[in-house]
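Now for the letters of each chain:
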Amino acid sequence: MLYIAYGSNLNIKNMQKRCPMSKPILEIDGKKINFLYNWRLVFNKYANIIPDKKSCVPIGLWSITSCCEKKLDEYEEFPNLYTKRYLKIYSQKALVYLMNKKSFKRPNKNYLFEIIQGYNDFNLDLQYLKKSLKNKLLF
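The structure displayed is predicted, hence computed values, not measured ones.

**Topic: the packing of aromatic side chains**
Here is step 1: All told, the structure shown has five aromatic pairs when counted by the stated rule.
Here is step 2: Summarising the aromatic geometry, the rings of Tyr 3 and Tyr 97 are spaced 5.9 Å apart at their centres and angled 75 degrees between planes, so their arrangement reads as edge-to-face. On the criterion of sequence distance, the pair formed by Tyr 3 in strand 1 (residues 2-5) and Tyr 97 in strand 9 (residues 92-99) is long-range, its members being 94 residues apart.
Here is step 3: Classification of Tyr 97 by relative accessible area gives buried; the value is 1%.
Here is step 4: Centroid distance Trp 62 to Phe 122: 5.7 Å. Interplanar angle 75 degrees. Geometry classified as edge-to-face. Of this pair, Trp 62 sits in strand 7 (residues 60-63) while Phe 122 sits in the loop between helix 3 (109-121) and helix 4 (126-134); the two residues are 60 residues apart in sequence, bridging distant segments of the chain. Across the pair, exposure class does not vary: Trp 62 and Phe 122 are buried alike.
Here is step 5: Feature note: the residues Phe 35, Tyr 37 and Tyr 128 constitute an aromatic cluster, connected by ring pairs.
Here is step 6: In this arrangement the basic side chain of Arg 18 is found over the ring face of Tyr 75, its NZ or CZ atom lying 3.8 Å from the centre.
Here is step 7: Just above the ring of Phe 78 sits the side chain of Lys 84; from NZ or CZ to the centre is 4.6 Å.

Below, the structure is given as structure tokens:
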């Protein structure tokens, strides 16, 4: 199964601790995977994405097992904090977690450092993250 990460699960070291069977996917059919189009990164203490036809979100793509999914369900506090959705990415179905509550709250520094390390792990542009942290007109 494919899993789309956009927050702390971009961090390869931490993801390997949570889900040792997971593997990062950098390409599908020779195409680099690094954005989810028509979505915007926002924060409500933790990372979230919301539909926005004018935006894109830097992502990491993972191959996960059903055991990984169960561990992610626990980590993401599914179904209380996040819900699950399946999106098409490069004609394949991928799991993504979306936050239930829609409001704005800055993340704490430790959580943000985990995400920054994940951006580095997946070679993503930190400007997208900086822009999301500055944007307070979220909903």
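**A short note on the nonpolar core**
Side chains that are nonpolar tend, in soluble globular proteins, to be buried together.
Here is step 1: The biggest cluster of nonpolar side chains holds 41 residues, and the ones touching the most others in it are Tyr 3, Tyr 6, Leu 41, Ile 49 and Leu 61.
Here is step 2: Per-element tally for this core: the top contributor is strand 9, with six residues.
Here is step 3: In this view, Ile 49 contacts Tyr 6, Leu 36, Trp 39, Arg 40, Leu 41, Val 57, Val 96 and Leu 98; residues no more than four positions away in its chain are not counted.

**Details of the pairing of strand 6 (residues 46-58)**
The side chains of a regular strand alternate, first on one face of the sheet and then on the other.
Here is step 1: With nine bridges connecting them, strand 5 (residues 35-44) and strand 6 associate as antiparallel partners. For Phe 43, the partnering residue across the bridge sits in strand 6 and is Ala 47.
Here is step 2: The turn joining strand 5 and strand 6, which pair antiparallel and follow one another in sequence, is formed by one residue; a positive phi near 75 degrees is taken by Lys 45.

**Considerations on the sheet that holds strand 1**
Here is step 1: Ordered by their spatial adjacency, five strands build an open sheet running 2-7-1-9-8, and the pairing between neighbours is mixed. In this open sheet, the two edge strands, each paired with only one partner strand, are strand 2 (23-25) and strand 8 (82-89). Across this sheet, the average inter-strand angle for adjacent strands is 35 degrees, counted without regard to direction.
Here is step 2: Sheet topology note: the strand 8/strand 9 ladder contains eight bridges and is antiparallel. Note on strand 9: the bridge partner recorded for Leu 87 is Ala 94.
Here is step 3: Helix 2 (residues 66-75) contacts strand 1, strand 8 and strand 9 of the sheet and is inclined by roughly 15 degrees relative to strand 9.

Cut-off values and rules
Residues numbered from 1 in each chain as written. Predicted model: local features only at pLDDT ≥ 70, side-chain atom pairs only at ≥ 80, totals over all residues. Heavy atoms only, no water. Phe/Tyr/Trp six-rings, centres within 6.5 Å; stacked < 30°, edge-to-face > 60°. Helix = DSSP H or I, 4+ residues; strand = E, 2+ residues; numbered from the N terminus. Buried < 20%, exposed > 50% of the residue type's maximum accessible area, 1.4 Å probe, protein only. Lys NZ or Arg CZ within 6 Å of the ring centre and 35° of its normal. Core = buried A, V, L, I, M, F, W, Y, C linked by side-chain atoms within 4.5 Å. Contact = heavy atoms within 4.5 Å. Pairing = 2+ DSSP bridges. Axes fitted to C-alpha atoms, helices over the stretch in contact; angles between N-to-C directions.

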